[in-house]
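Chain by chain, the residues:
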Amino acid sequence: MSNPYQYGGAPPPPPTPGSDPNRQQYPYSPGIPPQTPQGAPGYMQQPPPTPGAPQYGGYGDAGYQQQAQGGPYSPGPPPTPGYQNPQDAGFQGLTAQMGQMGINEGYGAPQQAPARHGKKKQRAFHTLDQAPEASGPPPLTPGFQSPAQQQFPNQFQSQFPGQPGTPGLANPNQFPVPANPQFQPANPPASIAEYNANMRGPTGTGRVDPDAIPSIPVSREAAAAQYKTQIYPTMELHHPPPALTDFVAFDQGNSSPKFCRLSLNTIPSSEELLKSTALPLSLVIQPLAPQKEQELPVPVLDFGDAGPPRCRRCRTYINPFMTFSQNGAKFVCNMCLFPNEVPASYYSPLDMSGKRVDRETRPELMRGTVEYIVPKEYWAKEPTPLRWLFAIDVSMEAINKGLIESMVKAIRRALYGDEKEPLGEGEEETAETPVKKIPPGCKVGILTYDKEVHFYNLNANLDQAQMLVMTDLEEPFVPLSEGLFVDPYESQSVIEGLLTSLPNFFALVKNPEPALFPTLQAAFSALEATGGKIICSLATLPTWGPGRLHFREDSKLFGTDKEKTFFASEHQEWRKLGTKMVEAGIGADFFLTPAAYIDVATVGHIAEVTGGETFFYPNFIYQRDSPKLEEELIHSVHRETGYQALMKVRCSNGLQVSSYHGNYLHRNAAADLEFGVIDQDKSVSISFSYDGKLDTKLDAHFQSALLYTTASGERRVRCHNIVAAVTDVAKEGLRFVDQDAVICTIAKEAAATMTEKSLKQIRGLLTEKCVDILAAYRKNFSGSNPPGQLVLPEALKEFGLYILCLIKLRAFRGGNVSSDMRVHAMRMLKSMSPAELSLFLYPRIIPIHNLEPEDCFADETGHLKVPGALRASFSRIEEGGAYLVDNGQVCILWIHGQVSPALLVDLFGEGIDNLQAIDPYLSELPVLETHLNCQVRNLLQYFKTQRGSKALRIQLARQGLDGAEYEFAGLLMEDRNNEAQSYVDWLVHVHKHIQLEITGQRKKEGADEGISAANLAGLRPPYW
Ligand SMILES: [Zn+2]
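Residues numbered from 1 in each chain as written. Predicted model: local features only at pLDDT ≥ 70, side-chain atom pairs only at ≥ 80, totals over all residues. Heavy atoms only, no water.

Looking at an unreviewed UniProt entry, one finds the protein chain named Sec23/Sec24 family protein and attributed to Ascobolus immersus RN42. Checking UniProt for the protein chain, the heading Function (unreviewed entry) contains the comment "Component of the coat protein complex II (COPII) which promotes the formation of transport vesicles from the endoplasmic reticulum (ER). The coat has two main functions, the physical deformation of the endoplasmic reticulum membrane into vesicles and the selection of cargo molecules." The heading Sequence similarities (unreviewed entry) in the UniProt record of the protein chain holds the text "Belongs to the SEC23/SEC24 family. SEC24 subfamily." (UniProt positions renumbered as here; feature names shortened; annotations may be inferred.)

Below you can see the structure in the form of structure tokens.
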């Protein structure tokens, strides 16, 4: 990492068969399940030396150095307006402030569990009560066969290694040794004064070392390293790993953080105490989140016609925190404390310690997350396997852009898998059973539309599909009763035949204007009886027929108060249709590929309100973007999906739900959340308020219940149970803040206000919220640090930076951004999981020009050795370098103009030794036998395991050649860009306001406009 010219560096030891650790067959068990997409082996072994191919150490002299002699290097930043290299500018004005600012973090070791004095009795017979909470091996409960247990032999070593608390420098690990350090702390400074003196630099210039401010990559790496060999036992630890961490959770009665994250894992006992922290009390739930192979699957339980036992008073489902009494005859509800009769069919005697004797055989009493199959009274309509309706835009623009091609390819791959490799010589066709890609019983239908809607009879008995045209756009109907929805495997030849013929057929028609709204009405009619999921493509503004849309954006209004009107749908008819769809259990995903305005606000409203998703490809170029669209559509079909869903969240006496944020239908404050469809990638945030004081002797409980129909047609309730201690000492609560949950809640709330407030107001509110929280900590909890010092709570070290990243997102940033872009980003924020959001806010940047030979292969633990990520700043970019930048939505491969030709050849293949030679539309790497190519493909494979709904495809950004360079520059979140400050400037700004707050002189930003942070729902600051 330190040598930028390593791509000419030391040769690796010669490969000795048998001695190379990377040559072993490594089972990828604790880390990442092996994924071997066609043509791209999973995490590959290091390739054998290829005769003739240059090996490590063979490049350099002729490569980079020659280039280096070739001319003076001019390290210009990418040509982005407003972008400035922070090394060139921005620091000088800060020095005085920063020099005195100082940075310190609160608490040294935040993750240890709080002492729970006298509370264990309330812990509902948790078998782990006896375990020491902070350290030592978590004993696994007899009866649990945890696969994780076997795979993590060393998991129970020190839980919290190496976090010594040095006075004045709480966490020395936070300060990595920089590449060009201005201050090298050979020894940790003895005092804050010494540290501050060092911060001012040896020459007394007052320059600030940007390495000394909290770093997201460093924190992420620390968590990744910790959870490589350690599981997260959900009852013993109370501070979940950062959301982006690749970890294995062990459900001990409290739901995994993959499903539920509380903003505060120790809850203040009163509203006043919560206010003193300025933090929200919220729960972020991703109810169908994917689990790792090593994690226990969610148990599915069937209580027959009786249904799962529930509290008679508050309807809470039975869970591990309900207590049994009167020798098993009664159970006391953990939410409302009501003593219920135990139904006879559920009776079990208690043992000496008061536990049910059958407890360990009952997952609903042992696990935080369980699923119940529910009887008829929970049905809205007869549950059936999910029906998919593909609605394909076949108007002129879709033909011209190749969108039809993309859609038919994607649908074929989603249903039947990738096309088979052509048979090699001597190979014979085998009669394999076709791989079924969607659950048994699911049916699919296909319709196409331009200014008419075309249905297809796909009956398996037909030679080919029959088209039926529906021309009545005023009153759309479905012109066939049978053959519209078919088993895709029985009708495979008919469907494949239709998909093959569509592009050519409509190339002859070319109607320019699509009639989307009547199409969606027809789709609604087709699915009304059963519910189901619509997947709809659209290439251009739908300007035909009833519900047609028009160009209503006016860039003159950007930046004004009226801009927000573009973010909401104007059309009552569209809104009504969305509501009707949810009622019928229908949801829709859209794939939009516009060249210009397409009114995402209105079209995507249907996706938003039904719980679906909009995939957005502005300036769609078939060669570059089709692979991404195809994979995203396939993911959309294959991901865990339920439909006709209702969600209810219950909580302990003393708390109540105050607001929800996400993409769903919510009719009124008292109603449940309704989803036409819901899938594994979606999350919602629920905020709570107090209606009384909480008893610190009792824990606070939360239960979310998602009633839904699975894709395979079973009506179920998925329950997540979360418990947290209650404290009278708010400072204790601050130790267990979940930064990701706080950010996720704030982001979703801010997104939800976009249709009501101006963007400037929202940016102001976000800034205020950041200052509120950090100032509250500084005022109330940070102890005796010098007044001029910026002190950040350990658990919220990167909070300020994440808020800055949020302000820089397309949804909220200043300047001119099309409303389609903004609305799309807004809806994504509302449904994104904490993990996806974390990466979206702050990307991962990995240099690939100086990888160590063993990087990007499995290490001794079987995990991929991931090279260190860089801070997102141009100052970290090296000349001649190549970088992968991944924010979970796009993955940019940025290559410096003076990159080594040898690197290009190794990465892209023979003959590609200069930037111009690379295919500008390249979206994946070729499969080559070179070490570097293999490393980078392994790395990309790893990235894939950490994504939400978006496919990983490379977008090329060659210095000085590709437009994606702008995107790259915009992702350098620590720099001054996106109409907002650099990280250093931002911290100075925030610090200044914290000081004003402490001294009572703060004037809120935006106060002139009569707004305050109180307007951000549920996020009231502590000042009133
Ligand atoms: Zn109850």
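Asks: Which residues make up the overall build of the protein chain, and what are the values?
Replies: From N to C terminus, the protein chain includes 24 helices and 29 strands. In the protein chain, which comprises 1024 residues, the share counted as buried stands at 61%. Contacts spanning at least 24 positions in sequence make up 76% of the contacts within the protein chain whose residues lie at least 6 apart. Split by element, the accessible area of the protein chain, about 38,100 Å² in all, is 51% carbon and sulfur. (Helix = DSSP H or I, 4+ residues; strand = E, 2+ residues; numbered from the N terminus. Buried < 20%, exposed > 50% of the residue type's maximum accessible area, 1.4 Å probe, protein only. Contact = heavy atoms within 4.5 Å. Areas by Shrake-Rupley, 256 points an atom, 1.4 Å probe, with all protein chains shown as cover.)

Asks: Please set out a nonpolar patch on the surface residue by residue, giving values where relevant.
Replies: Taken together, the side chains of M467, V469, F505, L508 and V509 present a nonpolar region at the surface, about 450 Å² in accessible area. Topologically, L508 is positioned in the loop between α10 (492–507) and α11 (516–527). L508 gets classed as exposed once you look at its relative accessible area, which sits at 75%. (Patch = residues over 30% accessible without salt bridge, like charges linked within 9 Å, V, L, I, M, F, W, Y side chains within 5 Å. Salt bridge = Lys/Arg side-chain N within 4 Å of Asp/Glu carboxyl O.)

Asks: Break down the environment of D975 for me, with residues and values.
Replies: Inspection of the secondary structure assignment puts D975 in the loop between α23 (964–970) and α24 (983–998). Separated by 104 residues in the primary sequence, D975 and R871 place their C-alpha atoms 9.9 Å from one another.

Asks: How would you explain helix α16 (residues 739–752) if you had to name every residue and give the values?
Replies: Every α-helix winds through 3.6 residues per turn, so residues three or four apart in the chain are directed the same way. With 14 residues, α16 ought to run about 20 Å at 1.5 Å a step, and its terminal C-alpha atoms sit 20 Å apart, in line with that. By the criterion of burial, α16 is predominantly enclosed, with 13 of the 14 residues buried. At the N-terminal end of α16, a side-chain oxygen is found 3.1 Å from the backbone nitrogen of D740, two or three residues along, and the residue is D738. (Expected span 1.5 Å × (residues − 1). Polar contact = N/O pair within 3.5 Å; in protein donor to acceptor, adjacent residues only side chain to side chain.)

Asks: Quick one: what's the story with the coordination of the zinc ion, residue by residue and with numbers?
Replies: Coordination of the zinc ion by the protein comes from C311 (SG), C314 (SG), C333 (SG) and C336 (SG), over a distance range of 2.2 to 2.3 Å. Each of the four donor atoms around the zinc ion contributes to a set of angles spanning 103 to 115°, which defines the coordination as tetrahedral. The sequence pattern describing where the donors of the zinc ion fall on their chain is C-x2-C-x18-C-x2-C. Here C311 is found in the loop between β7 (300–302) and β8 (323–325), whereas its partner C333 is found in the loop between β9 (330–332) and β10 (339–341), with 22 residues between them in sequence. The exposure classification of C311 matches that of C333, with both residues buried. (Donors = N, O, S within 2.8 Å, 3.2 Å for Na, K, Ca; no water. Tetrahedral: all angles 85-135°; square planar, octahedral: opposite > 155°, others 65-115°.)

Asks: Talk me through the confidence of the model for the protein chain; I want residue IDs and the actual numbers.
Replies: Taken over all residues, the pLDDT of the protein chain has a mean of 81, while the share at 70 or more is 76%. Counting interchain partners and residues more than four positions distant, the pLDDT-below-50 stretch residues 1–6 has 16 contacts. This stretch, residues 47–100, has a pLDDT under 50; its non-local contacts, to residues over four places away or in other chains, come to 100 contacts. (pLDDT = per-residue confidence, 0-100.)

Asks: How would you sum up the sheet that holds β9? Please name residues and give values.
Replies: Ordered by their spatial adjacency, three strands build an open sheet running β8-β9-β10, and the pairing between neighbours is antiparallel. Among the strands making up the open sheet, the edge pair consists of β8 and β10. Ignoring strand direction, the axes of neighbouring strands in this sheet form an average angle of 35°. Pairing between β9 and β10: three bridges, direction antiparallel. Considered in β10, the bridge of K330 is made with E341. (Pairing = 2+ DSSP bridges. Axes fitted to C-alpha atoms, helices over the stretch in contact; angles between N-to-C directions.)

Asks: Describe the pattern of salt bridges, listing the residues and the values that go with them.
Replies: The full count for this structure, using the stated rule, is 53 salt bridges. Between E371 and R718 there is a salt bridge, with the nearest N and O atoms lying 2.5 Å from each other. With a gap of 347 residues between them, E371 in strand β11 (residues 369–373) and R718 in strand β24 (residues 715–727) connect regions that are remote in the sequence. For the pair E371 and R718, a shared accessibility class is recorded, and that class is buried. For R844, the salt bridge identified is with D886, shortest N-O distance 3.8 Å. Placement of the pair is R844 in strand β26 (residues 844–847) and D886 in strand β27 (residues 882–886), with a sequence separation of 42 residues. Take R844 and D886: they sit in the same class, and that class is buried. One continuous salt-bridge network, built from bridges that share partners, spans K533, D589, E613, R639, D679, D681, K682 and K950.

Asks: Pulling in residues and values, what's your account of the nonpolar core?
Replies: Nonpolar side chains tend toward joint burial in soluble globular proteins. Residues F590, F702, F799, L806, F812 and L829 are the most contacted members of the largest nonpolar core, which totals 156 residues. With 10 residues, helix α17 (residues 759–780) is the largest single contributor of residues to this core. Residues lining this core come from more than one domain, with at least three contributed by each of domain 2 (387–418 + 439–639) and domain 3 (843–972). For L806, the residues in contact, after removing those within four places along its chain, are I746, A747, L766, F812, L829 and L841. Residues A410, I411, F591 and F620 belong to the second largest nonpolar core, which totals 44 residues. (Core = buried A, V, L, I, M, F, W, Y, C linked by side-chain atoms within 4.5 Å. Domains from an automatic or database assignment.)

Asks: Could you give me a rundown of unusual backbone geometry, with the residues and numbers involved?
Replies: Excluding glycine, residues mostly have negative phi values, and the peptide bonds linking residues are mostly trans. Despite not being glycine, R315 has its phi angle at roughly 70°, a positive value. With phi around 50°, N978 is a residue other than glycine that occupies positive phi space. Looking at the secondary structure, you find N978 in the loop between α23 and α24.

Asks: Summarise the pairing of strand β21 (residues 673–679); cite the residues concerned and give the values.
Replies: Along β21, seven of the seven residues are buried, which leaves the element largely enclosed by surrounding structure. Where strand β19 (residues 641–651) and β21 come together, six bridges link them in antiparallel fashion. Note on β21: the bridge partner recorded for T641 is D679.

Asks: I'd like a rundown of the sheet that holds strand β12 (residues 387–393), residues and numbers included.
Replies: Strand order in the open sheet formed by seven strands is β15-β14-β13-β12-β16-β17-β18, with mixed pairing between adjacent strands. Among the strands making up the open sheet, the edge pair consists of β15 (466–470) and β18 (614–616). Looking at each pair of strands side by side, their axes are set apart by 20° on average, direction ignored. Direction of pairing for strand β17 (residues 586–592) relative to β18: parallel, over a ladder of three bridges. Within β18, the position partnered with F590 by the bridge is T614.

Asks: With reference to specific residues and values, describe helix α9 (residues 403–416).
Replies: For α9, which comprises 14 residues, the first-to-last C-alpha distance of 20 Å matches the rise-based estimate of 20 Å (1.5 Å per residue) to within 8%. With respect to burial, α9 is a largely interior element, 11 of its 14 residues being buried. Of the surrounding elements, those touching the buried residues of α9 are β12, α8 (396–401), β13 (443–449), α10, β16 (532–538) and α14 (622–638). Positive phi appears at G417, one or two residues downstream of α9, with a value of about 85°.

Asks: Help me get a handle on the packing of aromatic side chains, residues and values and all.
Replies: If you walk through the whole model with that rule in mind, you get 19 aromatic pairs. Both rings, one in Y416 and one in Y489, keep their centres 5.8 Å apart while their planes meet at 85°; by these two values the pair is edge-to-face. With Y416 in helix α9 and Y489 in the loop between β15 and α10, this pair connects stretches of sequence that are 73 residues apart. The buried category is assigned to Y416, whose relative accessible area is 12%. (Phe/Tyr/Trp six-rings, centres within 6.5 Å; stacked < 30°, edge-to-face > 60°.)

Asks: Can you explain the side chain of S687? Please cite residues and give values.
Replies: In this fold, S687 is placed in strand β22 (residues 684–690). Overall, the relative accessible area of 2% leaves S687 in the buried class. When near neighbours in sequence (up to four residues on either side) are disregarded, S687 contacts L281, S282, Q656, V657, S658, S659, T745 and E749.

Asks: Tell me what's going on with the packing of α16 against helix α20 (residues 834–841), and back it up with residues and numbers.
Replies: Two packed helices can be described by the angle between their axes and the distance between those axes. Running from N to C, α16 and α20 cross one another at 80°; their axes reach a closest spacing of 10 Å. Classified by the angle between their axes, α16 and α20 sit roughly perpendicular to one another. Between α16, through D740, I743, C744 and A747, and α20, the contact on the second element is made entirely by P834, L837, S838 and L841. Looking at the contact of α16 with α20 residue by residue, the class counts come to six nonpolar, one polar and one charged. (Parallel < 35°, antiparallel > 145°, perpendicular 65-115°, else oblique. Nonpolar A, V, L, I, M, F, W, Y, C, P; charged D, E, K, R; others polar.)

Asks: An account of the packing of α16 against helix α19 (residues 819–831) is needed here, citing residue identities and associated values.
Replies: Contact pair α16 / α19: the axes reach a minimum separation of 8 Å and the direction vectors enclose 140°. Taken together, the axes of α16 and α19 are oblique relative to one another. In this structure, α16 meets α19 at a crossing whose hand is left-handed. On the side of α16, the interface is formed by A747, K748, A751 and A752, while α19 contributes M826, L829, K830 and S831. Across the contact of α16 with α19, the residue classes tally to five nonpolar, one polar and two charged. (Left-handed = near helix turned anticlockwise from the far one by under 90°.)

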